[in-house]
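Here is what each chain is made of, one letter per residue.
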Amino acid sequence: MVAMRLADDDRGRVPFALLGVLLLVGSATFSGALSTQDPVADRRVEDAIDQMRAGTDAAVRAAVRDAARDAAANPVTSPSNTTVGRVLSENQTFRDYLRLRIALASEARLRSLSTTDGAVAATASLPRPTNESTLRAALERVSIDSRDNGTMLVVTVEDIAVDVTRAGTRVAGETMTTTVGVRTPVLALHDRTETFEHRLDASATNGGTLDATVTTAMWTAAWTRGWSQYAGAPVENVVSNDHVALATNAGVLLTEQQTFGTTDADARGAVGCAAVQTGVRSLLSQTGVTGAPAMADALPDPNPTAGGRDPVVSTNRSIDTAVDTAADRALVSILDGRGDTASPDDVIADAHRASVSVESDVRVVRHSDDPPVTPGPEWTLGETTRETNSSVTTLPTRTPAVAPETTVVSAASRMVTTRTVTTKTWHRGNETFHTRAESIDEARVDVAVVVTPDSTPAPTRPLDPTLSPGGALDGDNFADAPAVASDVVSSRGGFDGLARDVADDSIPSTRTVVAPRASGLDAWIRADLLALHQRVRNRSRTVSARAVAAGEVNPAGELAADLRADRAELLDAPATYDGVADRARVAVRAAYLDRVVTELDERANRTAVATDAADDAARDANAGSLSAAVAAEHTARHVLDTTATNRPTADAGTVRFVPDADPMYLSLDGRSGSAVPTVADAGTYHPLVARNTNLFTVPYGDATDTVLEPVFGARRRVPLRVAARALLAADDALAASNETPADLRTRRDELERAVVDATNPTRVAARDVLAFHTDLTSTERQRVLQSAFGRWNDSAHEALAVTNGSVSRAIAVEAAEPGTADADVLELRLDDAFRSVRRQPSTTVPQRLTNRTVESTRTARQDALAATATDAVMNATGDAVERRVDDTLQSRFDRSFRRVPAGMPVAPVPGYWYATVNVWDVAVAGEFAQFRVHARGNGTESLTYARDGSTVELDWDGDGTAETVGRGERVGFAVETAIVVAVPPSGTGVGDVDGDADERSPGWEGGPGCTVPADCGSV
């Protein structure tokens, strides 16, 4: 490396002349400053800065309190499209609004902050925003955080300018960042209110307490009232919007308890009063909502019956399903040999036939060949002759193996030696040449003549006795078979000839023998079959009503599976049949069981079709699938169980959050705006709206048509049972009315004619059954029918007697001796004939006529209600009015509506079904005109957070004009759930029978809040 002298290095060098000038000027300035500096003034500057630091913390702390109070009193959760509204983010609106309030309040507080000491003065300031850009910068200077569960607010304010002047001249300054912690629960109030609203509005699977409460409570109410209706209680409206409102308010209380640790005291009392008025205490107890337990004993019975108050019905009920009419139909089918079902006579005939045949076992023990000499290729084959001779040698008998049900009549074993000589003649020109070959076969032939019973549905078993009389009923069995077997052997030249034929593949053809029927065989088998029928008919299976409601279980399929599994036990076939009669008996039992299983399989298919159709109808009605509804209720109940074990409680040593709602009870009735804060006086405010839709209406509508069409084959028609009950309801209403409504009388008479027309085909069917299955003369048959049908003195009861089997029993005991098997079988034949004929459109009734008659019946009832109430008012007041109205209507009109069936039959076989199901789609939406939460606690500022939908304005630039920031949205929610109820078959079923299948509260179309005619914005 070559060294460089300093004089030669000019890199980064400052000219000495310039450096000298700078040194001289700096020295002069510094010397001047030293000569004029006041040590006391310098200390005042430092003190002023320190004072401003302390004052700035206090000012910001005060600004935070002011901003928290203002933000809680007038929160913004939805920003407006204004200069100030646009700086607030969509997902953190309230926090940004609070930060903006803190920024503006801090600017205002700091503006008045100053200190003076002689000629030295100090100020602190933040830039005042003048446009959107500077407003956004002001917001960015403030950051917030929370501590202690939102009760401590930590605020950092940046870029606070501190300026110090002396005699008006700025002598010092700095930029400060201040962080303060203020005990204010503003964020806790907002966050808990947001959590509260989420729990009100979210689904149960997403933490929605209200959804879980409404779903659980409404399922409990619907199952309790639905099963009471099925039992005969005068329940017209299984799912009512009043119950929905009560469940919703109970859910609000539970959500308050879950979120804030306590509930609105006024709301607790209001819910208790509503429970008394609604009469559904179970809704409160089932959801775990407390607050009015002292009123429990005073609550009225929600489901009155003759026995008094009913207990709350669990949704985990069960339904007993039996083979029942499937066994009846199978019995009639097999007795009459209908369709592809063999009759008992055919089965018995098969059991009494057998084949006589030859079983053999041939084994070649020796084979030898003497191959012929073949001449050369120039020789041509002429003729071939064969000569066969056989000889037979007797061997010790060895019987061939036979099937277990086969009986050997006689057997023998032979050695058959067959010698075959083959001679061939060859030609070549005029020359002739003969060749001779010999083969010898020795074969052992074991042969037996056997009797094999013909195939039947009975299990394969040996038969003993077979070839001799005896056994059950001491029958002859196949006693003729040995003679036939002997003839088979003798016709072949004895066993020697038979062995030769078998060895030569010439087996004699099979012969058939028929065993004579033993005396009393038919009656014996019939009695045995009827006993089995009764045993099979009574076989049952208990299934979950919830599973039936969900379409998750097919009762017919379950019963069919049970019969398949227990078939051997039911057949009770012995290890060895006691003769032919015993085998015939078991064969008939087997044929019957097979037919029962076939019936159940067909019914299971119909059940699946009906369930799928019901599922589709529920989806079309926006209620979702049946299984999804049941699963949702299970989830909701689990959510409430979890909530009950993890419910927060208020702690006196910490901050208490007390909800305070207006209105305190969310009612379905509209309220005048003048009675509700923040609502225009002229408006009508609806804090709660609800709608519940009953899918399978009464008597029947489009949804039920879809389900029943595959069975009854015609839409817009109802089964005879439904029309007959509607006719009875009309008769009861007419009997109870002081004045006969003209339209009800007209429609009732039209419906009666239709019911009579639909009943007539059953008379024809009954006449045919008597003609084919009894020995009665035509005159006697007519007398039997007149006597049997004459037991019912009106068309409606006669039609119901046809559908419930009463007519079948009446005809059977008239035509045959009561208590005999003949009477029982005749009754089953009649029942089966009636079920078959009711599949025809001619035995159904127009749906429109039926529905219109029911509508007129309802109108007559409502008119009577109004008249009775007017009369009661003239004679009593208060509770006596309601009591008299209720007593009068119950005695005069409630009976009529217990006549009309409701719901969708599962496996809708005419005359039988497994359960009745109905579906309700429930939707409810609500909001509070004002929802406040008060925070109280030791060491923490008392604060009230209020959401009322008001518009919030702010003068952010100090020009004297407030600009809209946004508004604090009202606390609102919307819940939708589906309810599925299943009850056992028969009875009235389950469903709303008051004619209001689509029940909507006032204001439903507009939603919760204000509706026309007035604009219900905040005032």
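Let us look at the structure shown here. Note that this is a predicted model, so its numbers are computed, not measured.

Criteria and thresholds
- Residues numbered from 1 in each chain as written.
- Predicted model: local features only at pLDDT ≥ 70, side-chain atom pairs only at ≥ 80, totals over all residues.
- Heavy atoms only, no water.
- Helix = DSSP H or I, 4+ residues; strand = E, 2+ residues; numbered from the N terminus.
- Contact = heavy atoms within 4.5 Å.
- Buried < 20%, exposed > 50% of the residue type's maximum accessible area, 1.4 Å probe, protein only.
- Polar contact = N/O pair within 3.5 Å; in protein donor to acceptor, adjacent residues only side chain to side chain.
- Pairing = 2+ DSSP bridges.
- Axes fitted to C-alpha atoms, helices over the stretch in contact; angles between N-to-C directions.
- Parallel < 35°, antiparallel > 145°, perpendicular 65-115°, else oblique.
- Left-handed = near helix turned anticlockwise from the far one by under 90°.
- Nonpolar A, V, L, I, M, F, W, Y, C, P; charged D, E, K, R; others polar.

### Regarding the environment of Leu 335
Okay, so step 1: Within the fold, Leu 335 resides in helix 10 (residues 325–336).
Okay, so step 2: A sequence separation of 490 residues divides Leu 335 from Val 825, and the C-alpha atoms of the two residues are 9.2 Å apart.
Okay, so step 3: If sequence neighbours within four positions are ignored, Leu 335 has contacts with Ser 343, Pro 344, Arg 526, Leu 529, Val 825 and Arg 829.

### Structural notes on the side chain of Thr 466
Okay, so step 1: Turning to its location among the elements, Thr 466 is positioned in the loop between strand 11 (431–453) and helix 12 (481–490).
Okay, so step 2: Residue classification places Thr 466 among the buried positions, given a relative accessible area of 6%.
Okay, so step 3: At 3.4 Å, the side chain of Thr 466 forms a polar contact with the side chain of Thr 407.
Okay, so step 4: Not counting residues up to four positions away in its chain, the partners in contact with Thr 466 are Thr 407, Asn 477, Phe 478 and Ala 479.

### Some remarks on the pairing of strand 17 (residues 688–694)
Okay, so step 1: Most of strand 17 sits inside the fold, with five of its seven residues counted as buried.
Okay, so step 2: Summarising the sheet, strand 17 and strand 21 (residues 915–927) pair through seven bridges and their orientation is antiparallel. The residue bridging Leu 688 from the neighbouring strand is Gly 926, located in strand 21.

### Describing the packing of helix 14 (residues 521–537) against helix 26 (residues 821–837)
Okay, so step 1: Relative to each other, helix 14 and helix 26 sit at 55 degrees, their axes nearing to 12 Å. With respect to helix 26, the element helix 14 is oriented oblique. For the pair helix 14 and helix 26, the sense of crossing is left-handed. Here helix 14 contributes Arg 526, Leu 530 and His 533 to the contact with helix 26, which in turn contributes Ala 821, Asp 822, Val 825 and Leu 828.
Okay, so step 2: The class makeup of the residues in the contact of helix 14 with helix 26 is four nonpolar, one polar and two charged.

### Quick notes on the packing of helix 6 (residues 209–230) against helix 7 (residues 241–260)
Okay, so step 1: The geometry of helix 6 relative to helix 7 is characterised by a closest axis approach of 8 Å and an angle of 140 degrees between their N-to-C directions. The handedness of the crossing between helix 6 and helix 7 comes out as right-handed. Contacts from Thr 209, Leu 210, Thr 213, Val 214, Ala 217, Met 218 and Arg 225 in helix 6 reach His 243, Val 244, Ala 247, Thr 248, Ala 250, Gly 251, Val 252, Leu 254, Thr 255 and Gln 258 in helix 7.
Okay, so step 2: Its residues placed into classes, the contact of helix 6 with helix 7 shows nine nonpolar, seven polar and one charged.

Don't take any of this as a statement about function, it's just geometry.
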